[in-house]
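# Understanding the architecture of this molecule
Below are the chains, spelled out letter by letter.
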Amino acid sequence: MRNLLLFICLFWATSLFAQTNFYVSPKGNDVNQGTLAKPFATIKMAQLEAQKVTGSVVIYLLEGEYHLSQPIVFLPEDSRKEGETLTLRNYDNHKVTISGGVVLKLNWKKYKDGIWQAKVSQDLLFDALFVNGQLQRMARYPNYDSTAHYLGGTAADALSKERIAQWKAPEGGYVHALHPSEWGDIHYVIKGKNEKGELDLEGGWQNNRPMGMHQKYYFVENIFEELDTVNEWFYDKKSGVLYYYPPKGIDLRTAKIEVPQLAHLIEFRGSEANPVQNITLTGIKLTQTLRTFMQNKEPLLRSDWTICRGGAVLFDGAVNCNMKNCSLVDLGGNAVFFNKFNRDCEVSGCLVSEIGASAFCFVGDPDAVRSPNFKYWEFTPLAQIDHTPGPKNNNYPANCTLFDNLMFDLGLVEKQSAGVELSMCQSITVSHNTIYDVPRAGINVSEGTWGGHVIEYNDVFNTVKESGDHGSFNSWGRDRYWHPDKRILDSIVYTQYDMTMLDVVKPIVIRNNRMRCDHGWDIDLDDGSSNYQIYNNLCLNGGIKLREGVNRIVENNIMINNSFHPHVWFKNSNDVFRYNVVTSGYMPINISNWGKEIDYNSFPDSVSLQEARSRGTDKNSVSGNQNFENPQKGDFRLKSGSAALTVGFKNFAMDSFGVVSPALKAISKKVSIPEVIALHKMESNEVIDFMGAKVKNLNTLGERSATGMDAERGVLILEIKPQSAASGFFQLNDVILSLNGKQTNRVRDLLEARMSVIGSTTDVVVFRNQKVITMRIDLIEK
C-alpha cells in the first residue's frame, strides 16, 4: 500500500511538472519531428503539434530571422489550462527576429545622378524600405532633416503650383501635415491632378477635431521628382522599378534590401466567451511592419484621437497572456494593441523604439459605453442620457499591466500618439516604465471610461516635441455629462453633480512619477478630467494643470521651476490642492471658485504666498526655505528645517523612477535635471541665461540712455549665443517689454512669463531702435 501511494505521488508530480518542448529553426523542415536536432521550419507547425498535447508547452525558436507571409495567430485551441502555459521564446539566449519584411533579390543598374534602379518581379507593397536593417526615406520634399522641429522638415512651398507642376504623375504620393492647432497631425494620399493642375487629395481623418492642415508645417513624399538625395527611394508601381539613391559605402550587390508586407506579426484572437489563455512570448525581436496612418480613422469617443485598431502584436480576447523581455523596433504602426476584451495580461521588460505610432494602446468597444458621443461638439440631450454608472458590457481591456518597459522614438509617422494610450478600459497599471522622445504625450488617457488606472514610478520626459497644448501626462474627460458650451456644462455640474462620475467609476491614481515637459505641462488634466488622485510626483518643468473637472486630489507633489495651473473650474469642483511644493506663484485662468481646499502648500517667497492669499487660498501655507538635498543630481527631497515639512509635506523616494531591469537601465537616456530658478533671490543686477541670451534688469541711467527707453524697466539683452534660440529673434540692446501677454518689468517677470507659456511658440514685445516691435518667437533652442 505504501509503495502504491509513493507511485501515485510520483506520477502526480511528474504530470504536474511535465513540459513538452518543440523547436523551430529557419533552417528546419516541417516534415521533421520538431526536436532540437530536427527542428520544424515554421512556428505554425509547432503550434499545430502543441495543440495535440496537454500540459505546458515551450516552442523554442533557434537563432535567425523568421520572415512571415502571414501573422502568427493564437486561437482558443492554443490555450493552456490554469497553471499551465504555452510559451513562444528564443532558445538559450539565441538572437531571434520575427519580421514582416520580404528580402528582395535585385539586379541593380545605374540610373542617373547617383540614383540606381532595379526591376522588381514580385507583386509587393512598397510602404517602407530597409537597407542593411536601416530604414530609408521615401522621396520627399523637403528632404529629411533630423534637426527640424516638426515632421523631419517642412516647407510652405511643398504644395505650391510651381512645385506641383514639376510632378508628372503624383498619384500615390502623400501629404503629411500638422493639425492647424498643433493638436497632432493629418495625412492625405494624392489621387492625382485635376485639369487646373491642383492635387486631388483623400484623407484628413486622422484627428477627431478636424480643421484641415497646418498652413506652414507639412511635407510631401513618394514623389518621383523629389528623389534627389542619399537614402531616398521611390517605387514606380506601373513599371515595377525601384529607384534608390545609396549613400557612399553601400554595395548594392551585397546589401540586404527588405520591404514590410504585414501590419500585424502576432495576434491573440479570442473573445470573452472563448478567450485565448495562458500564452507567453519571451525573448523575441519583432520588426518591420507596414505604416497604418491612412487606416487611422475611428474616433475615440470625444477625445482628440482617432485610432487604427492594430499593432505588431494584437491582443483581442486574451486572458493571462504575456510578453516578456522582447524588443519591438522599426514598426510602421502601433507596437502593441489591446483591443476590446482582454483580462490579466502583462507586458514587462520590453524595449520599444522607432515606432510609427504608439507603443501600447488599450482600447475598448464603444458599444460598451453608455450614451456615447464621437465628436467634440456632439452632446446627448440630458433627458436621453443613461444614468447607469459604468460600462454596458465587458468588452474592454481591464486588470492589465505594463511594467518595466523602455519606450522612445515613438510617433515617427503619426503624431497623435503616445507611449501608453488608455481609452474605454479599466484598472490598467502602468508602472516603472521609461518614456521619452515622443511627439505628444508620454501617457494619454482619452476619457474617464472607466477609471481605476494606476500610473506609478514612471520616468517620462522629452515629450510634446512635435505638437502643442499638451503634457507628459495628458487626459481628457469629455464623458457623457460633458458639454462643449462651458455655460451649459457649468449648469449641468451644478445641478446634476452625480453625472460627472457615471463613467469614471473608479479613481485614477498618478503617483511617484518623475515627469518633465518642456513644451507643455508635466501633468495636464484637460477638459472634464475627473476623479484623480495625484501625489508624490516630481514635476521638473511644466507643473500641474487642472482644467474643469471634479474630485481631483493633488497632494505632496514637487513642481520645479513652475507651479499649479488651475483653469476654468466649476463652482462645485470639490478639488483639493495641499501639501505641495511650488517654486513660483500659482497661474490661474478664470478661477472664481477655488474648490474644496487649497492650503498647506510651500511657496518660494512671501510675494507668491501673499498673491495666493489675496485670492482666498492658502491660509496655512508657508513660504521660503525650500532647501533641496542635492538638486544638481536630481534629489529634490527637502532638507530638515525646510518650511514645507512643517505643514504636512513628506519626502518621497527620488531613485525609483523608470525601468528596473539592468539591461534597460544601461541603454536608457537620462532626463535632464534643471537648475532651480530661485525667483526670490533675483538681484537687481543679476545676469541670467534666457534662450541662450544673457539678460538682466534694465535699471541704470546709462542702460536707459543706451536703449532709448523712457524709464528704467524691462529686461535688457546683453549678449546672444550664436545658434541659440535667441539668435533667431533678438538683437543686442533689445529690451523685452512683455512675453506671452505678461509685462516683463524685471527678470523675475520674464521667467514667470516663460513658465506660463504652453507650447513652443509665443509672442514677445521688444523695444528696439526707438520702436516697439511684436514678434512671434520659437522658444526651442536650436
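Above: the structure in question.
Residues numbered from 1 in each chain as written. Predicted model: local features only at pLDDT ≥ 70, side-chain atom pairs only at ≥ 80, totals over all residues. Heavy atoms only, no water.

This part takes up the overall build of the chain. When you go through the chain residue by residue, the secondary structure sums to eight helices and 68 strands. In terms of overall size, the chain behaves like a compact globule, its C-alpha atoms giving a radius of gyration of 29 Å where 782 residues would be expected to give roughly 28 Å. For the chain, the proportion of its 782 residues judged to be buried stands at 58%. Partitioning the contacts of the chain with sequence separation of at least 6, the portion at a separation of at least 24 is 66%. Taking the average location of the 82 positive side-chain charges in the chain and that of its 88 negative ones, the two points are 2 Å from each other. (Helix = DSSP H or I, 4+ residues; strand = E, 2+ residues; numbered from the N terminus. Rg over C-alpha atoms; globule rule 2.2 N^0.38 Å. Buried < 20%, exposed > 50% of the residue type's maximum accessible area, 1.4 Å probe, protein only. Contact = heavy atoms within 4.5 Å. Lys, Arg positive; Asp, Glu negative; His and termini not counted. Charge placed at Lys NZ, Arg CZ, Asp CG, Glu CD.)

A few words on the nonpolar core. The nonpolar side chains of soluble globular proteins are, as a tendency, buried together. If you look at the biggest cluster of nonpolar residues, it comprises 90 residues, and the most contacted ones within it are Phe268, Met323 and Leu328. Examining the composition of this core, we find that five residues originate from one element, strand 2 (residues 56-61), more than from any other. Once residues lying within four places of it in the same chain are set aside, the contact partners of Met323 are Leu281, Leu286, Val313, Phe315, Leu328, Val336, Glu346, Val347, Ser348 and Cys350. Counting residues in hydrophobic clusters, the runner-up holds 26 residues, among them Met691, Ala753, Met755 and Ile777. (Core = buried A, V, L, I, M, F, W, Y, C linked by side-chain atoms within 4.5 Å.)

A word on the side chain of Asn90. Mapped onto the elements of the fold, Asn90 is located in strand 5 (residues 86-90). A relative accessible area of 7% places Asn90 in the buried class. For Asn90, the side chain forms a polar contact with the side chain of Arg89, separated by 3.4 Å. Those residues in contact with Asn90 that sit more than four places away from it in its chain are Tyr60, Leu61, Val96, Thr282, Gly283 and Ile284. (Polar contact = N/O pair within 3.5 Å; in protein donor to acceptor, adjacent residues only side chain to side chain.)

To locate leftover empty space, one rolls a probe as large as a water molecule over the atoms. Roughly 930 Å³ of volume is contained in the second largest pocket. Lining the second largest pocket are 29 residues, with Glu171, Gly172, Asn222, Tyr235 and Lys237 sitting closest to its centre. Sorting elements by how many residues they give to the lining of the second largest pocket places strand 18 (residues 232-236) first, with three residues. Taken together, the residues of the lining of the second largest pocket break down into 16 nonpolar, four polar and nine charged. (1 Å grid on protein atoms, 1.4 Å probe; cavity = no way out; pocket = protein on both sides within 12 Å on 5 of 7 lines; lining within 4 Å. Points joined across faces, edges and corners; volume = space filled by probe spheres on them. Nonpolar A, V, L, I, M, F, W, Y, C, P; charged D, E, K, R; others polar.)

A cis amide bond links Tyr141 with the next residue in sequence, Pro142, at an omega value of -5°. Position of Pro142 relative to the elements: it lies in the loop between strand 13 (140-141) and helix 3 (161-165). Although it is not a glycine, Asp113 sits at a positive phi angle of roughly 50°. Inspection of the secondary structure puts Asp113 in the loop between strand 8 (109-112) and strand 9 (115-119). Even without a glycine there, the phi angle at Glu182 is positive, about 60°. We classify Glu182 as buried; its relative accessible area is 14%.

All right, on to the sheet that holds strand 15 (residues 185-193) then. Pairing within the open sheet is antiparallel, and its five strands lie in the order 13-17-14-15-16. A strand with exactly one partner marks an edge of an open sheet, and here the two such strands are strand 13 and strand 16 (199-203). When strand 14 (residues 174-178) meets strand 17 (residues 218-221), the two strands line up antiparallel, connected through four bridges. Bridged to Tyr174 within strand 17 is Glu221. (Pairing = 2+ DSSP bridges.)

Time to look at the pattern of salt bridges. Applying the stated criterion across every chain yields a total of 41 salt bridges. Arg480 is paired through a salt bridge with Asp503; the nearest N and O atoms lie 2.9 Å apart. Residue Arg480 is located in the loop between strand 45 (471-475) and helix 4 (486-495), and its partner Asp503 is located in the loop between helix 4 and strand 46 (508-511); the two are separated by 23 residues in the primary sequence. Here Arg480 and Asp503 have matching classes, each one buried. The partner of Glu752 in a salt bridge is Arg748, with the nearest N and O atoms 3.3 Å apart. With Glu752 and Arg748 both in helix 8 (residues 747-756), this residue pair falls four residues apart, about one helical turn. (Salt bridge = Lys/Arg side-chain N within 4 Å of Asp/Glu carboxyl O.)

Tallying each qualifying case throughout the model produces two cavities of 30 Å³ or more. In this structure, the largest cavity encloses a volume near 70 Å³. Together, 13 residues line the largest cavity, and Leu301, Asn373, Arg478, Asp479 and Arg480 are the ones closest to its centre. Its residues assigned to classes, the lining of the largest cavity comprises three nonpolar, three polar and seven charged. Taken together, Thr292, Asn296, Trp305, Thr306, Ile307, Cys308, Asn334, Ala357, Ser358, Glu414, Gln416 and Ser417 make up the lining of the second largest cavity. Of the residues that constitute the lining of the second largest cavity, the class distribution is four nonpolar, seven polar and one charged.

Another point: the sheet that holds strand 32 (residues 342-343). Hydrogen bonds along the backbone pair up the strands of a sheet, which may run parallel or antiparallel. On the basis of which strands lie adjacent, the open sheet formed by four strands has the order 22-28-32-36 and parallel pairing. Strand pairing shows two members of the sheet lacking a second neighbour, strand 22 (276-277) and strand 36 (397-398), which therefore form its edges. Sheet topology note: the strand 32/strand 36 ladder contains two bridges and is parallel. Within the sheet, the bridge partner assigned to Arg343 lies in strand 36 and is Ala398.

Another aspect to go through is the pairing of strand 2. In terms of burial, strand 2 is a largely internal element, six of the six residues being buried. What you see with strand 2 is no split at all: Ser56, Val58 and Tyr60 on one side and Val57, Ile59 and Leu61 on the other are buried throughout. In this sheet, strand 2 lies alongside strand 1 (residues 19-24) in parallel orientation, the contact comprising six bridges. Note on strand 2: the bridge partner recorded for Gln19 is Ser56.

The next subject is the environment of Gln51. Following the sequence through the fold, Gln51 ends up in the loop between helix 2 (43-50) and strand 2. A relative accessible area of 32% places Gln51 in the partly exposed class. Along the primary structure Gln51 and Val96 are separated by 45 residues, whereas in three dimensions their C-alpha atoms are 23 Å apart.

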